[in-house]
Amino acid sequence: VFNAMATRLDELMRSQKEMTLAVSHELRTPLARMKFALAITEEQRLPAGLQRQLSSINRDILEMESLINSLLAYAAFDQQSQQLNQREGHIQSLVQDIIARLANHHEHTIQINVFDNTHGNVMRCEWSLMQTAIQNLIHNALGYANTTISVSLNITATDFIIEVEDDGPGVPADKQGRIFESFVRIYSELPNRSGFGLGLALVKRIMSWHFGGATCGSSDLGGAKFSLVWPR
């Protein structure tokens, strides 16, 4: 009876996930048509009130499209094989490339300091996945930092460690354990805060594939401190 119940639950969860992904994928076509229609109206001279309403609709469409893309990206990671293609390399160059790329798309000037404590030693990981994890953490920090973000690279006798800290409001102690759950958003009421609570969930999944972990704590800068740790 127990095995039958477990099998049934597994089938229900798989069916629900497949339906969600199918709906998400199919929604992209009508959204694309609406974006095209709105793009045509931009070339026409419309009353100011109507133009404001159309701009609001366009923002809603972009938000829906972003949510769909996030869901599909999360599903792609969820379905990916856990057989990682880990290679050795210097993580410093990857971090600098991520910072440069994010700086081109961020409106505010935030100082990002990188502290390389690897002493020239290499790290071993699945580079495409680790790039996603680091990028999500830095992107998250850019959304909350006031002036400064710190990225630390460390290698111990047993672990590789990457830490991302900021001087923002931080994460309350009672929510630090839930911050990596899907769709959990802290300070979602703040202005200019986009996202759907999937970025950190991806980080946690990536680190579990590396037989490591991701934690959240308090930073000496006054904000949040996110740590990625995986074995050498």
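Quick summary incoming for the structure in this document. All figures in this text were calculated on a predicted structure; none of them were measured in a lab.

Evaluation of the coordinates by the stated rule reveals two aromatic pairs. Ring geometry for F160 versus W230: centroids 5.4 Å apart, planes at 45 degrees, classification tilted. Residue F160 is found in strand 5 (residues 159-166), and its partner W230 is found in strand 7 (residues 224-231); the two are separated by 70 residues along the sequence. Each of the two residues, F160 as well as W230, counts as buried. Centre to centre, the rings of F180 and F226 are 5.9 Å apart; their planes meet at 90 degrees, and the pair counts as edge-to-face. Taken together, the residues F180 in the loop between strand 5 and helix 5 (199-209) and F226 in strand 7 connect sequence positions 46 residues apart. Like F226, F180 is buried.

Another aspect to go through is helix 3 (residues 91-103). Along an α-helix, residues three or four positions apart point the same way, because every turn accommodates 3.6 residues. Given a rise of 1.5 Å per residue, 13 residues ought to cover 18 Å, and the 18 Å separating the end C-alpha atoms of helix 3 matches this to within 8%. Within helix 3, burial applies to I91, Q92, L94, V95, I98, I99 and L102. All buried residues of helix 3 fall inside an arc of 165 degrees around its axis, so they share one side.

Another aspect to go through is the pairing of strand 4 (residues 148-155). Most of strand 4 is tucked away: seven of the eight residues are buried. As defined by bridge partners, strand 2 (residues 111-117) adjoins strand 4 across seven bridges and the pair is classed as parallel. Following the sheet pairing, N113 is matched in strand 4 by S150. By the bridge criterion, seven bridges tie strand 4 to strand 5 in an arrangement that is antiparallel. Looking across to strand 5, one finds that L153 is bridged to I162. Remark: three residues form the turn of the hairpin made by strand 4 and strand 5, two consecutive strands paired antiparallel.

Analysis parameters
Residues numbered from 1 in each chain as written. Predicted model: local features only at pLDDT ≥ 70, side-chain atom pairs only at ≥ 80, totals over all residues. Heavy atoms only, no water. Phe/Tyr/Trp six-rings, centres within 6.5 Å; stacked < 30°, edge-to-face > 60°. Helix = DSSP H or I, 4+ residues; strand = E, 2+ residues; numbered from the N terminus. Buried < 20%, exposed > 50% of the residue type's maximum accessible area, 1.4 Å probe, protein only. Expected span 1.5 Å × (residues − 1). Arc of directions from axis to C-beta. Pairing = 2+ DSSP bridges.

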